[in-house]
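# Chains, contacts and geometry: an overview
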Amino acid sequence: MSASWVDAVIAAGAVPAAYVPEASAGRADLEEFTGADPVEDPELRVHPLGEVPPLAPGAALFLDGIERWRVVGYGGVTPIIRAHVAAAVRRRGQDRRPRTVREAARELAVTRLDALAPPVHDALLAAGVAVVEFAADDAGQPARALQAARREVERARLALEQALAEQCAAALGADEWLVVDGVLSDSAVLSEHPRTLGVIKSHGAQFFEGLELERALTLPAGHRTSVFRPRRRGARRDIHSWYVRLWPWEGNDLLYGLLRVEARADPATVAQASRLSAWLERERAPVSTPDPRWDRLLYPIHDVETYLRARAPRDLIPYSASRLPRIAS
Amino acid sequence: MIVGRVVATELKPATPHQFHFWTANETSIGIGAIVKVEGSGVGDQVSGRVVYGVVTDAFAYSDLATPLHDVVGAEGDPERAAAAPTVRQEIRLWTAAVLRQIPEEPLQPVPLAQVHVATDADVAQALRMDGYLAGAHPTGIPVGLYTSGGLEAPVYLDADFLLGPEAAHLNISGVSGLATKTSAVEVLLASIFQHFPTHKGRVAAVCFNVKGPDLCFLDQAGTLDDADRRRYERLGLAPQPFERVRYFAPFKADGVNLNTLRTHGDLVGDVEPLVWGLRDVLDYAEVLLNRDDIDAKADAFIDFLSDRVVGKEFDDGFGGSHAVTTFADLDRLFRAIFDGLELAGRSDMWRTHHIATMRKVRNRLGNISTRCKGLVTDDGPSNDLPWGRFEDRTVYVVDVANVDPLGQDLVFARVVSKLREHLERRDLGVEAVVVFVDELNKYAPADGPDTYVKKMLLDISERGRYLGLVLFGAEQFRSQVHRRVVGNAGTIVFGRMDADELATPGYQVLSPATKIKLATLPIGELMVRHPHFTQPIFVRFPRPAVLRGRDGVERFPPAADLPFEDAVVRQLVRLEPRTRPNQVKDLIADRVPEDVRRALARTRQVRPADPFAYFRKLLGTRVAPTEAAMREAVPPLNPIADEPY
């Protein structure tokens with residue numbers, strides 16, 4: 001399908017465009033205070049990982065997803081967006097080489113159908129591409145429309161990731177762990193699975209205040225915090241969480257090398273928290289440079305992302321000449 | 001089998017002559033491997049185009065941004081780096097040079113398509129061998145096996161381009177001992193003899209054995225293992241020694257023991273002496289003269305001797321008549337002239353030749369029989385290669401390994417010149433002759449003065465292909481051989497090379513990886529360039545089916561030199577096995593050795609029904625020397641009467 005539906009809507013009267021807005025920075029974490037309940041210790045404490053033997057599962061599976069999107073046309077002032085979302089799971093066995101075991105991808109057209117001229121509208125529907133509409137309120141001003149489209153694309157990616165993760169969790173072997181880039185608490189299956197970890201790199205959500213917040217954000221390298229239970233918010237499920245510092249933050253910033261980990265809300269999680277943390281600390285090598293988030297981006301997750309990027313449609317990558325006037329058009 | 005995929009970037013684009021492809025980390029592909037680029041037909045930019053290439057370079061790298069990041073990840077501890085839970089993504093990226101594109105026109109960049117391992121048929125296509133392996137008159141000569149990824153595909157040379165007339169000559173270079181130059185030539189000669197197309201006529205080989213026992217056992221079977229036999233079978237060659245080999249070697253200074261390492265009692269009977277007389281040598285006197293000696297005057301006098309004197313009845317101008325056929329005759333003539341000039345006291349000139357020139361030529365020619373004693377006979381009949389009677393598929397080995405370098409030059413120059421003469425007249429007995437010369441850098445060096453031998457080699461290199469005179473030259477360093485000699489070789493073979501040699505300009509066309517492969521090439525593997533191959537190809541060849549020189553001297557240790565009488569007996573017994581040794585010894589007991597040598601040489605030449613009787617008759621009649629002319633006292637030209645002492 002790829003570009004064929006784009007040709008169809010252009011032929012139907014949409015004005016061609018080639019604009020890649022600043023891509024989503026990835027999954028957005030909550031940006032508000034939610035609070036947390038102590039689980040392991042009465043108050044948030046710091047636990048060293050120095051002598052803790054890392055968990056060494058027989059195999060680890062890593063899941064990540066990507067999204068790519070681009071304005072390919074305008075019906076009036078309403079953008080028509082071509083989006084590609086994909087997710088993959090790569091399994092790392094005893095040979096230490098990740099190999100893809102599951103993957104899924106979707107192509108979407110994101111727009112507001114009733115804002116399009118009838119021929120364009122009809123052409124889009126007839127093209128067979130999955131159409132996702134943003135809200136009618138967002139259809140007027142293009143800047144708002146693009147923000148809305150971005151959210152829709154992100155939502156589609158999260159859904160794809162979640163579906164793939166749940167399939168994978170259902171098939172996990174007894175000696176296999178699934179590590180997901182992001183939160184587990186969006187999924188009932190994942191948040192209740194005994195061998196699933198969520199690794200969160202962004203720290204918009206605030207769970208502590210005062211001394212506990214300072215303790216969490218100034219965690220020394222090679223340490224973890226006590227396990228805590230983020231308070232429920234919306235549909236989010238009961239989960240256990242803790243912070244791990246991979247690299248010393250001093251000389252950088254407070255969030256440098258800081259991961260938040262999510263795992264099943266279960267006493268076993270508390271018992272394993274140090275070993276799980278030590279495992280994640282081992283994943284510091286190899287470093288996932290040149291990605292700017294390398295201080296907290298685990299290499300196997302980076303590897304999944306690289307894999308997905310390599311397989312994404314090449315015409316969705318921004319290119320420098322795209323903003324030059326099209327002389328022939 | 002799909003092994004990779006062509007990739008092209010702006011920095012490393014695919015071109016009509018080169019492309020890049022990646023493979024899995026574990027792959028059978030290596031430097032020198034032949035691959036085929038062909039699309040699946042779905043989504044590939046192929047349009048039916050098939051491209052064959054040979055791998056010339058290889059790269060491996062990971063997604064590591066800088067080495068420092070690996071240090072950071074391992075916290076400076078290499079052991080920790082090795083224990084990282086995930087292995088970094090790596091790539092095996094290969095560069096291949098295009099061997100052939102089908103269709104050949106229009107010539108286009110290599111398509112970004114799948115890369116396959118070449119099959120036997122692909123190898124034939126890639127090397128354009130299909131053009132000369134099929135048809136009414138196939139001209140393929142197996143040279144070795146292309147081996148890669150478990151494949152053993154025969155590689156053929158085109159006889160029209162190896163032995164003429166389209167191109168000719170082969171040059172092989174490589175370090176001593178490891179490059180297996182001699183072995184490669186032995187296998188190739190066997191291959192030529194077994195596969196030389198019948199429509200091209202008859203072929204023979206003349207091999208100069210210039211060192212040790214290298215070529216002394218070509219008729220003896222060597223040891224082969226199963227792998228060698230399998231390779232012979234794949235090449236379509238019978239693993240057997242040469243059926244017809246004739247050995248020639250000069251005598252040692254004693255004139256009766258052969259100067260060769262093939263003197264074991266079981267084998268020495270096959271070795272024929274190589275003995276030349278004045279007539280045989282005079283035309284090549286230029287070879288023997290010091291380079292400083294060669295001037296127009298000396299040259300003119302030698303020509304005079306050759307045209308007017310040797311082999312004719314000649315009046316010396318002082319009343320003497322000379323029939324000059326031997327060095328001894330010639331020396332008598334010189335003495336007569338000098339004496340005549342002195343007695344006459346008339347001038348320093350004799351028939352427009354200055355006496356100094358004559359003395360110089362006399363001196364140099366006189367030295368020939370001294371320096372090349374055993375090869376050049378002072379006096380007596382010669383014994384030579386069977387000019388005009390060369391036989392099909394026969395190797396003629398001329399063993400000059402222990403001969404003085406001057407003598408080697410003489411042998412080389414004369415044999416090759418005679419081959420050329422006969423091939424020009426089409427009366428050699430065969431239509432093509434391969435001349436194998438080792439240590440080519442000695443005979444045709446890149447620098448130094450132009451010698452007769454060098455000029456002759458240049459002539460063969462440039463004109464030999466029209467005559468069927470084909471030079472197979474070998475040397476350690478190709479850069480030290482005259483450019484035109486190696487440049488005219490249609491087929492060039494490289495064994496293991498020295499790194500210093502590979503740094504010379506002649507190897508600039510090779511990629512660094514190919515150079516490394518050449519520098520580490522295992523025994524039995526060679527790199528071949530041939531006019532049909534657009535890129536050099538690595539081939540493996542089996543061990544020769546003949547006995548190696550070193551093994552030969554162990555199995556057939558050279559016999560010790562026999563005393564004069566025994567050596568004479570042995571030669572007569574060889575002619576007639578019923579000859580009684582004691583009878584011979586009694587006969588020669590009181591004879592002058594020179595007389596015996598002459599009689600023996602004559603007997604060997606005539607090959608009478610009863611050699612002993614003939615030999616006895618010759619001795620009885622005192623075949624050889626004419627008494628040396630009595631030298632008359634010569635008064636001084638300017639007597640000093642007052643000299644008190």
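Our subject in this report is the structure included herewith.

### As for the overall build of chain B
Broken down by element type, chain B carries 23 helices and 22 strands. With respect to the principal axes defined by its C-alpha atoms, chain B has extents near 110 × 65 × 60 Å. Burial analysis of chain B (645 residues in total) assigns 44% to the buried set. Within chain B, contacts between residues separated by at least 24 positions form 75% of all contacts whose residues are at least 6 apart in sequence.

### Notes on the overall build of chain A
Scanning chain A from terminus to terminus reveals seven helices and 13 strands. For chain A, the proportion of its 329 residues judged to be buried stands at 44%. Taking the contacts inside chain A whose residues are at least 6 apart along the sequence as the reference set, 68% of them involve residues at least 24 apart.

### What about the nonpolar core?
Val-433 and Val-435 of chain B are the most contacted members of the largest nonpolar core, which totals 181 residues. Excluding its chain neighbours within four sequence positions, the residues that come into contact with Val-433 of chain B are Ala-204, Ala-205, Val-206, Leu-419, Leu-423, Leu-428, Gly-468, Leu-469 and Val-470 of chain B. Formed by 85 residues, the second largest nonpolar core is a distinct cluster that contains Val-85, Ala-145, Leu-160 and Val-179 of chain A.

### What about the sheet that holds strand 1 (residues 2-7) of chain B?
All names here are of chain B. Overall, antiparallel pairing links the six strands, which are arranged 1-2-5-4-3-6 in a closed barrel. Taken over all neighbouring pairs, the strand axes of this sheet differ in orientation by 45 degrees on average, direction set aside. For strand 3 (residues 34-37) and strand 6 (residues 114-117), the ladder comprises three bridges, and the chain directions are antiparallel. Counterpart to Val-37 in the pairing with strand 6 is Val-115.

### Some details on the packing of helix 11 (residues 327-344) of chain B against helix 12 (residues 355-371) of chain B
All names here are of chain B. Between helix 11 and helix 12, the shortest axis-to-axis distance is 11 Å and the interhelical angle comes to 155 degrees. By the angle between their directions, the pair helix 11 and helix 12 is classed as roughly antiparallel. Helix-helix and strand crossings are classified by hand; for helix 11 and helix 12 the assignment is left-handed. Counted together, Phe-327, Leu-330, Asp-331, Phe-334, Ile-337 and Leu-341 of helix 11 and Ile-355, Met-358, Arg-362, Leu-365, Gly-366 and Ser-369 of helix 12 form the full contact between these two elements. Class assignment of the residues belonging to the contact of helix 11 with helix 12 gives a composition of eight nonpolar, two polar and two charged.

### Here we look at the packing of helix 22 (residues 593-606) of chain B against helix 23 (residues 611-620) of chain B
Residues and elements named next belong to chain B. Taken N-terminus to C-terminus, the directions of helix 22 and helix 23 make an angle of 140 degrees; their axes are 9 Å apart at the nearest point. As the angle between them shows, helix 22 and helix 23 are arranged oblique. Judged by the twist between their axes, the crossing of helix 22 over helix 23 is right-handed. Every residue of helix 23 that contacts helix 22 at Asp-595, Val-596, Ala-599, Leu-600, Arg-602, Thr-603 and Val-606 is listed here: Pro-611, Tyr-614, Phe-615, Leu-618 and Leu-619. Tallied by class, residues from the contact of helix 22 with helix 23 come to nine nonpolar, one polar and two charged.

### Let's talk about the pairing of strand 6 of chain B
All names here are of chain B. Burial along strand 6 is one-sided: the residues Val-115 and Val-117 are buried and none of Gln-114 and His-116 is. Direction of pairing for strand 1 relative to strand 6: antiparallel, over a ladder of three bridges. Opposite Ile-2, over in strand 6, you have His-116 as the bridge partner.

### Brief notes about the environment of Phe-494 of chain B
Residues and elements named next belong to chain B. Inspection of the secondary structure assignment puts Phe-494 in strand 20 (residues 491-494). C-alpha of Phe-494 to C-alpha of Arg-580: the two residues are 86 residues apart in sequence and 53 Å apart in space. Excluding residues that lie within four positions of it along the chain, Phe-494 makes contacts with Ser-173, Gly-174, Leu-518, Leu-526 and Met-527.

### Some words on helix 10 (residues 296-309) of chain B
Residue and element names in this part refer to chain B. Its 14 residues place the ends of helix 10 19 Å apart at the C-alpha level, agreeing with the 20 Å of an ideal helix rising 1.5 Å per residue. Burial in helix 10 covers these residues: Ala-298, Phe-301, Ile-302 and Leu-305. Along the axis of helix 10, the buried residues cluster in a sector spanning 100 degrees; they form a single face. Of the exposed residues in helix 10, those oriented more than 90 degrees away from the buried face are Ala-296, Asp-307 and Arg-308. Positive backbone phi, approximately 80 degrees, marks Gly-311, located one or two places after helix 10.

### Describing the interface of chain A and chain B
Opposite the 16 residues of chain A that make contact, chain B presents 14 residues. Take the side of chain A that touches chain B: its biggest share by element is four residues, from helix 7 (residues 299-311) of chain A. A class-by-class count of the residues in the side of chain A that touches chain B yields seven nonpolar, two polar and seven charged.

### Some points on helix 6 (residues 267-282) of chain A
Taking 1.5 Å of rise per residue, the 16 residues of helix 6 of chain A would be expected to cover 22 Å, and the 24 Å separating its terminal C-alpha atoms lies within 8% of that figure. Regarding helix 6 of chain A, the residues found buried are Thr-269, Ala-273, Ser-274, Leu-276, Ser-277, Ala-278, Trp-279, Leu-280 and Glu-281 of chain A.

### Some points on the pairing of strand 19 (residues 469-475) of chain B
Residues and elements named next belong to chain B. A large share of strand 19 lies buried, amounting to seven of its seven residues. Burial along strand 19 is two-sided: the residues Leu-469, Leu-471, Gly-473 and Glu-475 and Val-470, Phe-472 and Ala-474 are all buried. Two strands pair when backbone bridges link them, and strand 9 (residues 170-173) and strand 19 are joined in this way by four bridges, in the parallel orientation. The residue bridging Ser-173 from the neighbouring strand is Glu-475, located in strand 19. For strand 18 (residues 432-437) and strand 19, the ladder comprises five bridges, and the chain directions are parallel. Note that in strand 19 the partner of Val-435 across the bridge is Leu-471.

### With respect to unusual backbone geometry
Across the junction of Ala-285 of chain A and Pro-286 of chain A, the peptide omega takes the value -5 degrees, indicating a cis bond. Here the amide bond leading from Thr-289 of chain A into Pro-290 of chain A is cis, since omega sits at 5 degrees, within 30 degrees of zero. Looking at where Pro-290 of chain A falls in the secondary structure, it is placed in the loop between helix 6 and helix 7. For Arg-393 of chain B, which is not glycine, the phi torsion reads 55 degrees and is therefore positive. Mapping Arg-393 of chain B onto the fold places it in the loop between helix 12 and strand 17 (394-399). Phi is positive for Glu-439 of chain B, close to 55 degrees, though the residue is something other than glycine. Tracing the sequence through the fold places Glu-439 of chain B in the loop between strand 18 and helix 14 (440-443).

### Concerning the environment of Trp-279 of chain A
Residue and element names in this part refer to chain A. Along the polypeptide, Trp-279 turns up in helix 6. Through-space distance from the C-alpha of Trp-279 to that of Ala-56 is 7.0 Å; in sequence the pair is 223 residues apart. Leave out the neighbours within four places in its chain, and Trp-279 touches Pro-54 and Leu-55.

Cut-off values and rules
Residues numbered from 1 in each chain as written. Chains lettered and ligands numbered in written order. Predicted model: local features only at pLDDT ≥ 70, side-chain atom pairs only at ≥ 80, totals over all residues. Helix = DSSP H or I, 4+ residues; strand = E, 2+ residues; numbered from the N terminus. Buried ≥ 20, exposed ≤ 12 C-beta atoms within 10 Å, placed from the backbone. Contact = placed C-beta atoms within 7 Å. Core = buried A, V, L, I, M, F, W, Y, C linked by C-beta atoms within 7 Å. Pairing = 2+ DSSP bridges. Axes fitted to C-alpha atoms, helices over the stretch in contact; angles between N-to-C directions. Parallel < 35°, antiparallel > 145°, perpendicular 65-115°, else oblique. Left-handed = near helix turned anticlockwise from the far one by under 90°. Nonpolar A, V, L, I, M, F, W, Y, C, P; charged D, E, K, R; others polar. Expected span 1.5 Å × (residues − 1). Arc of directions from axis to C-beta.

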